[in-house]
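# Overview (structure and organization)
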Amino acid sequence: MSKRIQSKYKINRRLGVNLWGRAKSPINKREYGPGQHGQRRRSKPSDFSVQLMAKQKLKGYYGNISEKQFRRYYDEASRRKGDTSENLINILERRLDAVVYRLKFAATPFAARQFINHGHILVNGKKVNIPSYSLKDNDVVEVKEKSKQLAIVLDAVQSKERDTPEYLQVDHRQMKGSFVRTPKLNDVPYPVTMEPNLVIEFYSR
């Protein structure tokens, strides 16, 4: 198992949840944190701890986004009109790596990020190699022609672990999809409960 995959699963164990709903996650067998102190009995968490955990889950789900970048997303969500927690989810779901993952062109958010970095993805016909690139409604995302037969893409597309949500459209034969509309929190197919309202409380302290 690579260091990258080990690190990914360590996030699962530290948070105590199967963050991406994957059958291979060690949390399915060991529901305690990593390291020699992982099996200690946990006391009732404080409000701060609950808020921090909510932030770490949401941040971790999207490929363990850096704290600096995640804070910028919160600031942007706060400036927008409407519900700040819904705005935050909207910003996160418009990330190119999140959409590539949702369209099933990659098996994990980490794989989606690497796939984009390596230049395999086109947006509206042009190569984009920035995973945090923010998509607009009706933007078209597709796998570059020379990359459509890569095993990692074909395996991801054929996976039965998850479906593409309704706010996206996808044609897996052409390896092409589009961002149709702004998702609400209830539209997003998180395998675990996400609480962006607690994330907002964390940063609002």
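Predicted model only: the values in this text are computed from it and were never measured.

## A short note on the side chain of threonine 108
Along the chain, threonine 108 falls in the loop between α5 (96-102) and α6 (109-117). Among the polar contacts made by the side chain of threonine 108, one reaches the main-chain amide nitrogen of alanine 111 at a distance of 2.9 Å.

## So, the side chain of glutamate 142
Note that glutamate 142 resides in strand β3 (residues 140-143). Notably, glutamate 142 is buried but unbridged: the nearest opposite-charge side chain belongs to lysine 176, and the N-O separation is 4.2 Å. Excluding its chain neighbours within four sequence positions, the residues that come into contact with glutamate 142 are Phe105, His120, Ile121, Leu122, Gly125, Lys148, Met175 and Lys176.

## What to know about the nonpolar core
If you look at the biggest cluster of nonpolar residues, it comprises 45 residues, and the most contacted ones within it are Leu58 and Ile121. If we ignore the near neighbours within four places in the chain, the residues touching leucine 58 are Phe70, Leu88, Ile89, Leu92, Tyr190, Met194, Pro196 and Val199.

## Describing empty space enclosed by the protein
Applying the stated rule across the entire model yields one cavity of 30 Å³ or more. Contributing to the lining of the largest cavity are Tyr61, Tyr62, Asp97, Ala98, Tyr101 and Pro109. When residues of the lining of the largest cavity are assigned to their parent elements, the largest contribution, three residues, is made by α5. Looking at the lining of the largest cavity, its residues break down into five nonpolar, no polar and one charged.

## Digging into the pairing of strand β5 (residues 176-179)
Relative to β5, β3 runs antiparallel, the two being bridged by three bridges. Counted as the bridge partner of valine 141 is glycine 177 from β5. Looking at chain direction, strand β4 (residues 168-171) and β5 are connected through four bridges and run antiparallel. Bridge pairing in β5 links leucine 168 to phenylalanine 179. Between the antiparallel neighbours β4 and β5 lie four residues, among them methionine 175 with a positive phi of about 55°.

## Re helix α4 (residues 84-93)
Owing to its 3.6 residues per turn, the α-helix brings residues three or four apart onto one side. Burial within α4 is extensive, with nine of its ten residues counted as buried. Of all the positions in α4, only Thr84, Ser85, Asn87, Leu88, Ile89, Asn90, Ile91, Leu92 and Glu93 are classed as buried. Close packing links the buried residues of α4 with α2 (47-61), α3 (67-79), α5, β5 and α8 (196-204).

## Topic: the confidence of the model for the protein chain
Of all residues in the protein chain, 79% have pLDDT values of 70 or greater, and the mean over the chain is 87. Note that pLDDT drops below 50 for residues 1-6; the model gives that stretch five contacts with residues more than four away or on any other chain.

## As for the pattern of salt bridges
The final tally for this structure, using the stated rule, is nine salt bridges. The partner of arginine 80 in a salt bridge is glutamate 76, with the nearest N and O atoms 2.5 Å apart. Of the charged contacts, one joins arginine 95 and aspartate 97 as a salt bridge, the two residues approaching to 2.8 Å between their closest N and O atoms. Through salt bridges with shared partners, one network takes in Arg95, Asp97 and Arg113.

## Describing the pairing of β3
Sheet analysis places strand β1 (residues 121-123) next to β3, joined by three bridges and oriented antiparallel. When the bridges of β3 are listed, valine 123 appears paired with valine 141.

## Observations regarding the packing of aromatic side chains
Inspection of every chain in the model, using the stated rule, returns nine aromatic pairs. Taking 6.4 Å as the distance between ring centres and 50° as the angle between the ring planes, the aromatic pair formed by tyrosine 167 and phenylalanine 179 counts as tilted. With a gap of twelve residues between them, tyrosine 167 in the loop between α7 (151-158) and β4 and phenylalanine 179 in strand β5 connect regions that are remote in the sequence. Across the pair, exposure class does not vary: tyrosine 167 and phenylalanine 179 are buried alike. On the basis of an interplanar angle of 85° and a centroid distance of 5.2 Å, the ring pair of phenylalanine 202 and tyrosine 203 is categorised as edge-to-face.

Reading guide: rules and limits
- Residues numbered from 1 in each chain as written.
- Predicted model: local features only at pLDDT ≥ 70, side-chain atom pairs only at ≥ 80, totals over all residues.
- Heavy atoms only, no water.
- Helix = DSSP H or I, 4+ residues; strand = E, 2+ residues; numbered from the N terminus.
- Polar contact = N/O pair within 3.5 Å; in protein donor to acceptor, adjacent residues only side chain to side chain.
- Buried < 20%, exposed > 50% of the residue type's maximum accessible area, 1.4 Å probe, protein only.
- Lys, Arg positive; Asp, Glu negative; His and termini not counted.
- Salt bridge = Lys/Arg side-chain N within 4 Å of Asp/Glu carboxyl O.
- Contact = heavy atoms within 4.5 Å.
- Core = buried A, V, L, I, M, F, W, Y, C linked by side-chain atoms within 4.5 Å.
- 1 Å grid on protein atoms, 1.4 Å probe; cavity = no way out; pocket = protein on both sides within 12 Å on 5 of 7 lines; lining within 4 Å.
- Points joined across faces, edges and corners; volume = space filled by probe spheres on them.
- Nonpolar A, V, L, I, M, F, W, Y, C, P; charged D, E, K, R; others polar.
- Pairing = 2+ DSSP bridges.
- pLDDT = per-residue confidence, 0-100.
- Phe/Tyr/Trp six-rings, centres within 6.5 Å; stacked < 30°, edge-to-face > 60°.

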